[in-house]
There are 2 protein chains.
Amino acid sequence: MSTSTDRDLSRAIREWSEIVSADHVVTDPTSLGAASTATFATSARLPLILRPADRQQVQACLRVANAHRVAVYPISTGRNWGYGSRVPAADGSVLLDLSRMNRIVDFSEDLAYVTVEPGVTQQQLFDFLRANRSRLWMDATGARPDCSLIGNTMERGFGHTPYGDHFAHVCGFEVVLPGGECIETGFSRFARASTGPLYRWGLGPTLDGLFTQSNFGIVTRMSIWLMPAPEHFEAFFFRCDDERGLGDVLDALRWLRLNGTMRSAAHIGNDYKVLNGIGQYPWERTSGTTPLRPELMAGLRKELRFGAWNGSGGLYGTRAQVREARRLMRQALRGKVAKLQFLSERKLDLASRFARPYGLITGWDISAALELVRPVFSLLKGVPTEAPMASSYWRKRTPPPADMDPDRDRCGLLWCAPVAPLEARHGERLTRLSIDTLLAHGFEPMLSLSLVTDRALTCVVSICYDRDVPGEDDRAMRCYRELLDRLTASGYHSYRLGIQSSAEMADNDAYAALLATLKRALDPNEILAPGRYGIG
Amino acid sequence: MSTSTDRDLSRAIREWSEIVSADHVVTDPTSLGAASTATFATSARLPLILRPADRQQVQACLRVANAHRVAVYPISTGRNWGYGSRVPAADGSVLLDLSRMNRIVDFSEDLAYVTVEPGVTQQQLFDFLRANRSRLWMDATGARPDCSLIGNTMERGFGHTPYGDHFAHVCGFEVVLPGGECIETGFSRFARASTGPLYRWGLGPTLDGLFTQSNFGIVTRMSIWLMPAPEHFEAFFFRCDDERGLGDVLDALRWLRLNGTMRSAAHIGNDYKVLNGIGQYPWERTSGTTPLRPELMAGLRKELRFGAWNGSGGLYGTRAQVREARRLMRQALRGKVAKLQFLSERKLDLASRFARPYGLITGWDISAALELVRPVFSLLKGVPTEAPMASSYWRKRTPPPADMDPDRDRCGLLWCAPVAPLEARHGERLTRLSIDTLLAHGFEPMLSLSLVTDRALTCVVSICYDRDVPGEDDRAMRCYRELLDRLTASGYHSYRLGIQSSAEMADNDAYAALLATLKRALDPNEILAPGRYGIG
């Protein structure tokens, strides 16, 4: 880690002010306090925020950082909730906020791609496509519409459409290296190349992967592939009432993915996850106690008509292709799930219009379940949605405000995202282990399984709590650490880590030595995001 | 480049002999001569060949190479025809032949992958799957059945099935670094990981790409994803009689790829490529002159009933999925191609049985065209085939021997493989430019376009000649260089380069500086494949 002094920092600030102008050097305590607050306890102090306007300013800022040995921590829009929000991995790092760089710099309807800067959000791209009357769909994550596309891809996040594995559908990075030099990856390295945004691997070693989940460079531009809107789209939903039924479902879905029938990243949420999506913690039903016990959860499942496991996904294609996919899906899931349903746009409209509000139980409205379907339906079509955001207010005693901000509102949220083979026994073991660990620590085990690829599943485990409850930060972190330890000991390593656990990466093996060698070569002064993913 | 002396080399040889045993240190002039012969003129001299038996021996060999500063050049099976065969990029490098490391070390029918060493060939994997009564298909390239799977993937080669983009369908590399350390990539870096062969990106920076088309490490193990055999398979074939018809076809095929109908890497060969696939140069028809003029080619097309452009590919799925794909394909290609035909296994058998031998013209047999279909049909099902091999004997005056060896038999072959956007105007410009250049230099322009990905096409241009014709090596190389220059000046950079052109990579820009920085960090003594892809 760099060892800058106050004097180094003062000098750097003077020079940075000249580069980005004083207006974009943020030092007021309110802003700094907000930016150093995450959805769990953190300790890193933030001396200032820099807001460069363009790539040249980023380069100049890094040169100053090197000259004075001051560490900087880049964020795109900084909505990395559950993993650390905007808070730097190392104490004393200057926040390099790239959200002003929000241009959409290239777009092709025919070749189906768009080129964006780090500040471009999901909503901005969605609006752009609509304004251009595009026939292309983007992929959206369940994160808020104002999340950065580049930021999510750098963390190798995922969404819900056939383009759900984000890092697999991007191309041609522009990268500012720690020393301030700028390169472009893939064929974009050649000034005249016609295929920069189109062909991923380029010529010579492929470097894109180097700049994801690391601190080897700042990606300031990236092309994202878009998907032509299919002639026909249908969402599918199913539930599995038996808690032990998950394994069979996973095996069936693996087959559907491997044979190309199911091209989208199907999701399966457990009962707790669904309840968390519908509303806040049922304080009345539990007489104010936590956690929500499995026995009560089983009762709520019946009342509210969802399953122990609840699946959703999309079918994309022509009418005939979707029809055949439906047939194959019914065949594969027969006897393994209840209520396999297919929902087209038209059906959804009808259902909403005629659905009577019924089934009121202690303040729970069954029509909320339909409202749970809408955002999923949207996400499956690549439409960003605000809806999942409210789930971080789960244990709060007051409803989520109109202007939600989990960091500010002291929502407690820790995400742990282990990956397992897409096989019955592994899916069952991973979920059992997660459920047991969370309940033992007094938290509701909210699990969301995503079949992002054909052979592996990612399980996002949410530890949701209220930071205003004394001691809860510590309890949640202890739960998180035990969960992470137990999962990795069982072979289920995380696809992504937040600042709460970057140190888990810092092994003492040949691989860690290789990362350290690369870091030394690329960032000899260790000024770029030291500590991120345990590197440097 | 390392500057080893004879004394360094002698010392190294002594130590290597202890590691791999003297039997596997090859120094006889015949073997060295064969290994330093490619399908074009090369100058690198080869002092010896080392044949390690396992990964530990590779590590020990590299440590010796470092101690004595002797450069080594790794090959898997060394069938890199058209790009340099086994010949090292730098003069004086020791050949590290990994072909003895030929174990299939892991296999899962359910999760559809196999883990192999560098010496495992296409045929070996195919036989293995058959012996295991596997329902999985591999992807095969048109290269010979005894080509290495790892070798091809390291060059980012491609095949014909939906898994045609090889580097996109592999996972978890075991890599010996230049210093002799061994790492594993992706989740395999963690000893207990359950998802090493299943989930590509792992945790932290993704490093796989670093080890392809480079000299940063030796991949000694890799998992390859396999495709479940579809319920139904049909090949499609079409021709386009109008030379100017290519553009419309490309636009139609892009649409079919982008919407997921055509999941395989369709190929389009021009007339010269098809003729080259059927037999040798028509010396009689041309009265012994070269090149084969376009006018005569046009005549042969009519006689032999193939098109100016000839497409093929596969449709995979259930019967209903394939039926719908056929419908969409007919719709998209209507009016743009002649003779769009779909061929199932059953139809192919029937056709072969009842096809009368007819249409004999100066030694050309139309039944040969059917024989051209068979290997394509096989490749589309992932069955490796010997057939395309004969095409390198094109300009030879004697027929290919039973035991073909283009290096030994002095077949001239230079491959140039530019990538272009999958768009009419680019496809037309790239092919026009290639055709004009080859004809101007007196060679037949044999072009094979592959739609390996949804947005870009790769065009393999073959310069086929007879190395026994005096001066032809030089003429071919001049043609190659002009072609490469003209293509890159137009923005069509190659997806891969052979030793004949690694220097084209060595630019003087920030990107080249980054590669040099990485090389210095990973291989400070520059002992691993110096000069490969212009690095180090």
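For the structure, see preceding data.
**Comments concerning helix α12 (residues 424-440) of chain B**
Residues and elements named next belong to chain B.
Link 1 in the chain: An ideal rise of 1.5 Å per residue puts 24 Å on 17 residues; α12 measures up with 24 Å between its terminal C-alpha atoms.
Link 2 in the chain: Residues of α12 that are buried: Ala424, His426, Gly427, Leu430, Thr431, Leu433, Ser434, Ile435, Thr437, Leu438 and Leu439.
Link 3 in the chain: Immediately downstream of α12, the backbone of Gly442 shows phi near 85°, a positive value.

**A word on unusual backbone geometry**
Residue and element names in this part refer to chain A.
Link 1 in the chain: Cis peptide bonds are those with omega within 30 degrees of zero, and the linkage from Thr290 to Pro291 qualifies with -5°.
Link 2 in the chain: Here Pro291 shows up in the loop between α7 (271-278) and α8 (294-304).
Link 3 in the chain: One non-glycine residue with positive phi stands out, namely Arg156, at about 55°.
Link 4 in the chain: The topology assignment puts Arg156 in the loop between α5 (149-154) and β8 (170-176).
Link 5 in the chain: The phi dihedral of Arg305 falls on the positive side, at around 60°, and the residue is not glycine.
Link 6 in the chain: Taking relative accessible area as the criterion, Arg305 reaches 55% and is therefore assigned exposed.

**A look at the sheet that holds strand β8 (residues 170-176) of chain B**
Sheet strands associate in pairs through backbone hydrogen bonding, adopting either a parallel or an antiparallel arrangement.
Residue and element names in this part refer to chain B.
Link 1 in the chain: If you trace the five strands from one edge of the open sheet to the other, you get β5-β6-β10-β8-β9, paired in antiparallel fashion. The two strands at the open ends of the sheet, each matched to only one other strand, are β5 (104-108) and β9 (182-184). Within this sheet the neighbouring strands show an average axis-to-axis angle of 10°, counted without direction.
Link 2 in the chain: As paired strands, β8 and β9 are joined by three bridges and run antiparallel to one another. Note that in β9 the partner of Val175 across the bridge is Ile183.
Link 3 in the chain: Packing of helix α3 (residues 55-68) onto the sheet brings it into contact with β8, β9 and β10 (218-225), and relative to β8 it is tilted by some 45°.
Link 4 in the chain: Here helix α4 (residues 122-131) sits on the sheet and contacts β5 and β6 (113-116); the angle it forms with β5, its principal contact strand, is near 45°.

**What to know about empty space enclosed by the protein**
Link 1 in the chain: Using the criterion set out here, one finds seven cavities of 30 Å³ or more in the structure.
Link 2 in the chain: Roughly 1,300 Å³ of internal volume is contained in the largest cavity.
Link 3 in the chain: Along the walls of the largest cavity sit 45 residues, with A:Pro162, A:His169, B:Pro162, B:His169 and B:Asp454 positioned nearest its centre.
Link 4 in the chain: For the lining of the largest cavity, the secondary-structure elements that each account for two or more residues are α6 (246-258) of chain A together with α6 (246-258) of chain B.
Link 5 in the chain: Of the residues in the lining of the largest cavity, the class split is 21 nonpolar, 12 polar and 12 charged.
Link 6 in the chain: Of the pockets and cavities examined, the second largest cavity occupies roughly 310 Å³.
Link 7 in the chain: As for the second largest cavity, its lining consists of 19 residues, and the residues nearest its centre are A:Gly260, A:Arg263, A:Gln321, B:Gly260 and B:Gln321.
Link 8 in the chain: Breaking the lining of the second largest cavity down by element, the ones donating at least two residues are β14 (309-317) and α9 (319-333) of chain A together with β14 (309-317) and α9 (319-333) of chain B.

**Here's the deal with the environment of A:Arg408**
Residues and elements named next belong to chain A.
Link 1 in the chain: Relative to the assigned elements, Arg408 resides in the loop between α11 (367-380) and β16 (411-416).
Link 2 in the chain: The exposure class of Arg408 is partly exposed, given its relative accessible area of 44%.
Link 3 in the chain: Counting along the chain gives 25 residues from Arg408 to Val383, while the straight-line C-alpha distance between them is 26 Å.
Link 4 in the chain: Those residues in contact with Arg408 that lie beyond four places of it in its chain are Pro401 and Asp403.
Link 5 in the chain: A polar contact is formed between the side chain of Arg408 and the side chain of Asp409, at a distance of 2.7 Å.

**Here we look at the nonpolar core**
Link 1 in the chain: Ranked by size, the top nonpolar core spans 348 residues in total, and within it A:Trp16, A:Leu253, B:Trp16 and B:Leu253 carry the most contacts.
Link 2 in the chain: Once residues within four sequence positions are removed from consideration, B:Trp16 is found in contact with B:Leu9, B:Ser21, B:Val25, B:Leu48, B:Leu50, B:Cys61, B:Val64, B:Ala65, B:Val70, B:Val72 and B:Val94.

**Concerning the state of the cysteines**
Residues and elements named next belong to chain A.
Link 1 in the chain: Across all of its chains, the model carries zero disulfides over all chains by this definition.
Link 2 in the chain: No disulfide involves Cys459; its nearest neighbouring cysteine sulfur is the one of Cys416, lying 8.4 Å away.
Link 3 in the chain: On the accessibility criterion, Cys459 (0% relative accessible area) is buried.

**Description of the sheet that holds β8(A)**
Residue and element names in this part refer to chain A.
Link 1 in the chain: One open sheet holds the five strands; their spatial order is β5-β6-β10-β8-β9, and the pairing between them is antiparallel. Looking at the sheet topology across the chains shown, the edges are occupied by β5 (104-108) and β9 (182-184). Going across the sheet, the axis of each strand differs from the next one's by a mean of 10°, ignoring polarity.
Link 2 in the chain: Relative to strand β6 (residues 113-116), β5 is paired through four bridges, and the arrangement is antiparallel. Following the sheet pairing, Ile104 is matched in β6 by Val116.
Link 3 in the chain: The strands touched by helix α4 (residues 122-131) are β5 and β6; relative to β5, the strand with the most contacts, the crossing angle is about 45°.

**What about the packing of aromatic side chains?**
Link 1 in the chain: The tally for this structure, following the rule as stated, stands at 28 aromatic pairs over all chains.
Link 2 in the chain: Seen from their ring centres, A:Tyr281 and A:Trp283 are 4.5 Å apart, and the 55° between their planes marks the pair as tilted.
Link 3 in the chain: We classify A:Tyr281 as buried; its relative accessible area is 3%.
Link 4 in the chain: For the ring pair B:Tyr83 and B:Trp415, a centre distance of 5.7 Å and an interplane angle of 55° mean the geometry is tilted. Of this pair, B:Tyr83 sits in the loop between β3 (72-75) and β4 (94-97) while B:Trp415 sits in strand β16 (residues 411-416), and the two are 332 residues apart along the sequence.
Link 5 in the chain: By relative accessible area, B:Tyr83 is classed as buried at 2%.
Link 6 in the chain: Above the plane of the ring of A:Phe167 lies A:Arg200, whose end atom (NZ or CZ) is 4.9 Å from the centre.

Conventions and cut-offs
- Residues numbered from 1 in each chain as written.
- Chains lettered and ligands numbered in written order.
- Predicted model: local features only at pLDDT ≥ 70, side-chain atom pairs only at ≥ 80, totals over all residues.
- Heavy atoms only, no water.
- Helix = DSSP H or I, 4+ residues; strand = E, 2+ residues; numbered from the N terminus.
- Expected span 1.5 Å × (residues − 1).
- Buried < 20%, exposed > 50% of the residue type's maximum accessible area, 1.4 Å probe, protein only.
- Pairing = 2+ DSSP bridges.
- Axes fitted to C-alpha atoms, helices over the stretch in contact; angles between N-to-C directions.
- Contact = heavy atoms within 4.5 Å.
- 1 Å grid on protein atoms, 1.4 Å probe; cavity = no way out; pocket = protein on both sides within 12 Å on 5 of 7 lines; lining within 4 Å.
- Points joined across faces, edges and corners; volume = space filled by probe spheres on them.
- Nonpolar A, V, L, I, M, F, W, Y, C, P; charged D, E, K, R; others polar.
- Polar contact = N/O pair within 3.5 Å; in protein donor to acceptor, adjacent residues only side chain to side chain.
- Core = buried A, V, L, I, M, F, W, Y, C linked by side-chain atoms within 4.5 Å.
- Disulfide = S-S within 2.5 Å.
- Phe/Tyr/Trp six-rings, centres within 6.5 Å; stacked < 30°, edge-to-face > 60°.
- Lys NZ or Arg CZ within 6 Å of the ring centre and 35° of its normal.

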